[in-house]
Amino acid sequence: MLIKITAIKFETIGGKKVGRAFDFKLDPKKMAVHKTEATVKKKIDEYVVKSGVFKKEELKDVRYDMAEFLQEWKKQKLVVEAEQLKNI
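Every value quoted in this text rests on a predicted model; they were computed, and no experiment measured them. (Residues numbered from 1 in each chain as written. Predicted model: local features only at pLDDT ≥ 70, side-chain atom pairs only at ≥ 80, totals over all residues. Heavy atoms only, no water.)

What follows is about the overall build of the chain. Counting its regular elements, the chain contains three helices and three strands. Written out in order from the N terminus, the α and β elements of the chain read β-β-α-α-β-α. Relative to the compact-globule value of 12 Å for 88 residues, the chain shows a C-alpha radius of gyration of 15 Å, a clear excess of over 25%. Seen through its principal axes, the chain has C-alpha atoms that stretch 60 × 20 × 15 Å. Scored against the burial criterion, the 88 residues of the chain give a buried share of 34%. Across the chain, the fraction of contacts at a sequence separation of at least 24, relative to all contacts at a separation of at least 6, is 59%. Of the roughly 6,300 Å² of accessible surface on the chain, 55% is carried by carbon and sulfur atoms. The average position of the 21 basic charges and that of the 14 acidic charges among the side chains of the chain differ by 1 Å. (Helix = DSSP H or I, 4+ residues; strand = E, 2+ residues; numbered from the N terminus. Rg over C-alpha atoms; globule rule 2.2 N^0.38 Å. Buried < 20%, exposed > 50% of the residue type's maximum accessible area, 1.4 Å probe, protein only. Contact = heavy atoms within 4.5 Å. Areas by Shrake-Rupley, 256 points an atom, 1.4 Å probe, with all protein chains shown as cover. Lys, Arg positive; Asp, Glu negative; His and termini not counted. Charge placed at Lys NZ, Arg CZ, Asp CG, Glu CD.)

This is the structure we're talking about:
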């Protein structure tokens, strides 16, 4: 299942506030191998930079709309952890 994430950066150009956005989809189950939300955000940051839409220096000003993704990631993380324990 792929869930949409939006990366948004607002800036002022010529006295007007404008925004740049980048939409992409990720699979929460594939990201569930990462244990913490900070690690997931870091991987998402790397993906956004690799896409070429935002530069690494711009990431501090980029906001993400990914609440739905994080909810599903938390559910999938529990599933993946249970699967890993079952395989031991």
